[in-house]
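Below are the chains, spelled out letter by letter.
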Amino acid sequence: MVDSGGLWTPPDDELGEALQTAQVLIEEGRADEAGPYQQRVIELAKERAGDRPDHYESKHLMAATQYELAGSLNASGRHEEALAALHEAQLGYTELSDAGVLDATSFLADVRARRAMTQAHRGYGATAVLEMDGAVIAYGQLVSGDAGVLHQPDFARVLAMNALILRRYGDPDLAVASADAATQLFLQLADQINASPQSLSYARYLCSATAVSADVHSAEGRLDLALEADEIGLNTADTLADSESATDLRMLVSALTRKGKHLGVVGRIIEGENCLRTAFATDPETAARVTEELDRDIPPSLTTALENAEIKLGPYEQYHRLLALSEPAPGMTLATVSGRTDPESAAVRATELAELVRPMLVHDAETALTLGLEAHYLFAISSERESHRMRYETSTYAPVWAQVLLDISEAYHAAGQTELALDLAGWCAEVATALIPFTMTDVEVKDLAGACYRHHGDLLAAKGDFTASQHAHDAAQQLQH
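Per an unreviewed UniProt entry, the protein chain goes by the name Tetratricopeptide repeat protein and belongs to Kribbella alba.

So, in structure tokens, the structure goes:
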């Protein structure tokens, strides 16, 4: 959200005017038009700071504006530039934190959340899930702290963002849990949020949370819950549409389309047709896009994938241990992958999931990809949390991680999901780098690391990034010497 706390106040000059204009455009749902004003704020703040390393007001303003600029760049489809702006924001906030002049915990969590959304826009969904996981965990810790009440609206916002990403690239059961939690929190905080300068932005996130809730509940046959979410979403979107912004009008059309489709499913045909007729008359392109979205099946949940594996492969010994991942770990709420289990157990459960991937690719690719992604997420979380297993038993777990990444990246590439395949190939190459100390004594590990680098290089070349592709192939070649 808008970072207005701590070290700076908007000045009454050109900088202040540019800042104010940018914020008004964002609140009106016209973030794509705010970029030039934000660029000007950054230029003026940089001039004001000059060569003074202790000019913390300007440094704070620059970090905050880089974060907001990333949102504007995303709205314009300039995702690579958005990632660069977020990197600058992270550096700025980290510098302020290291100097002891700002508790940057929430700001860094926001940077991570926006980076997750940016990666999702690029199609790098596996990275997006893990980035957002970290943001949710950070805000979960903030709301349980002394100033927790202040962070609750933004916790709801991050949960809504998390739901959007998990809906597409993760477990729909986690997505709906996150969406329902966000919706409940937004409704509980209605008075506080309505009095906030960012009330319109929060309302948009409420709409996105209810959309995920409605989609997943409907797909799972919980139509009463789906319609309940639809009603909240439509009422909120109807209020937002008074802003007369194109973004908010599309949100209203999306809510109408979604409710119309769900009413038809429960047999309330006339009501459903009325909603759909209004939606298509208002914005046929948005209504058609949402209809197409709803007609696509949601990915299998982890629970469904495990059940499918048992049907196709026969009973397997780790079934009940893996099924326990669908219940939250002690002290956790199950709205993130990291809420499934502790970091030490994560590596073991990931290995057990990975054992199912190759056999399932032959029988049911969709199930295999779900199991493979969940294995990757657990390995990555265990690694990021620096578990004993991932740090000191690398030769045991990293080859399994690399192999499952290679297998599912190749499968996504074959299925035409090139961005997600490239995302996973990048992870595969990183894990291969961790394998290098073991390639001197283990030929199989050497061959695996080489295959990871070559696969990443091939996908980079297919994308047109020939320089990076050459580096990857050179890394594979060096393993032969």
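This is not the end of the story, as more comes after the structure.
Enquirer: Explanation requested: the packing of aromatic side chains in the structure shown.
Expert: The geometry of an aromatic ring pair comes down to the distance between the two centres and the angle between the two planes. Tallied over the entire structure, the rule returns 5 aromatic pairs. Ring geometry for Tyr93 versus Phe107: centroids 4.9 Å apart, planes at 15°, classification stacked. Of the two residues, Tyr93 is situated in helix H4 (residues 79-98) and Phe107 in helix H5 (residues 105-122); the sequence distance between them amounts to 14 residues. Phe107 shares its class with Tyr93; the two are buried.

Enquirer: Could you clarify how one ought to interpret the packing of helix H13 (residues 269-282) against helix H14 (residues 284-295) in this entry?
Expert: Packed helices, taken two at a time, are described by the angle their axes make and the gap between the axes. Remark: H13 packs on H14, axes separated minimally by 5 Å, with the N-to-C direction vectors making an angle of 130°. For the element pair H13 / H14, the angle class is oblique. From H13, Ala279, Phe280 and Thr282 reach across to H14, where they touch Pro284, Ala287, Ala288 and Thr291. Looking at the contact of H13 with H14, its residues break down into 5 nonpolar, 2 polar and no charged.

Enquirer: What is the right way to read the side chain of Ser254 from this model?
Expert: Along the chain, the position of Ser254 falls in helix H12 (residues 246-265). Among the residues examined, Ser254 registers a relative accessible area of 13% and is labelled buried. If we skip the residues at most four places from it in the chain, Ser254 touches Thr286, Arg289 and Val290.

Enquirer: Is there a simple way to explain unusual backbone geometry in this structure?
Expert: Most of the time, phi is negative for any residue but glycine, and the peptide bond is trans. The phi angle at Glu386 is positive, at roughly 55°, despite the residue not being glycine. Judged by its relative accessible area of 53%, Glu386 falls in the exposed class.

Enquirer: How should the side chain of Asp133 be read in this particular structure?
Expert: For Asp133, the position within the fold is in helix H6 (residues 125-143). Reaching out from Asp133, the side chain makes a polar contact with the backbone nitrogen of Val337 at a distance of 3.1 Å. With residues up to four places along the chain from it excluded, the contact list for Asp133 reads Thr336, Val337, Ser338, Ile381 and Arg385.

Enquirer: So what exactly am I meant to see when it comes to the environment of Glu271 here?
Expert: Within the fold, Glu271 resides in helix H13. A residue is classified by how much of its surface remains accessible, and Glu271, at 38% relative accessible area, is partly exposed. On a C-alpha basis, the gap between Glu271 and His455 in space is 52 Å, while along the polypeptide they are 184 residues apart.

Enquirer: Help me out: how do you make sense of the pattern of salt bridges in this one?
Expert: Where charged atoms from two side chains of opposite charge come close, those side chains can pair. Following the criterion strictly, the structure yields 28 salt bridges and no others. The salt bridge involving Arg78 is made with Glu81; its shortest N-O contact spans 2.9 Å. A relative accessible area of 37% means that Arg78 is categorised as partly exposed. In this structure, Arg385 engages Asp133 in a salt bridge whose closest nitrogen and oxygen atoms are separated by 3.7 Å. Of the two residues, Arg385 is situated in the loop between helix H18 (365-384) and helix H19 (388-392) and Asp133 in helix H6; the sequence distance between them amounts to 252 residues. For Arg385, a relative accessible area of 30% gives the class partly exposed. Asp133 gets classed as buried once you look at its relative accessible area, which sits at 2%. The network of salt bridges with common partners includes Arg112, Arg115, Glu131, Asp133, Glu384 and Arg385.

Rules used in this analysis
- Residues numbered from 1 in each chain as written.
- Predicted model: local features only at pLDDT ≥ 70, side-chain atom pairs only at ≥ 80, totals over all residues.
- Heavy atoms only, no water.
- Phe/Tyr/Trp six-rings, centres within 6.5 Å; stacked < 30°, edge-to-face > 60°.
- Helix = DSSP H or I, 4+ residues; strand = E, 2+ residues; numbered from the N terminus.
- Buried < 20%, exposed > 50% of the residue type's maximum accessible area, 1.4 Å probe, protein only.
- Axes fitted to C-alpha atoms, helices over the stretch in contact; angles between N-to-C directions.
- Parallel < 35°, antiparallel > 145°, perpendicular 65-115°, else oblique.
- Contact = heavy atoms within 4.5 Å.
- Nonpolar A, V, L, I, M, F, W, Y, C, P; charged D, E, K, R; others polar.
- Polar contact = N/O pair within 3.5 Å; in protein donor to acceptor, adjacent residues only side chain to side chain.
- Salt bridge = Lys/Arg side-chain N within 4 Å of Asp/Glu carboxyl O.

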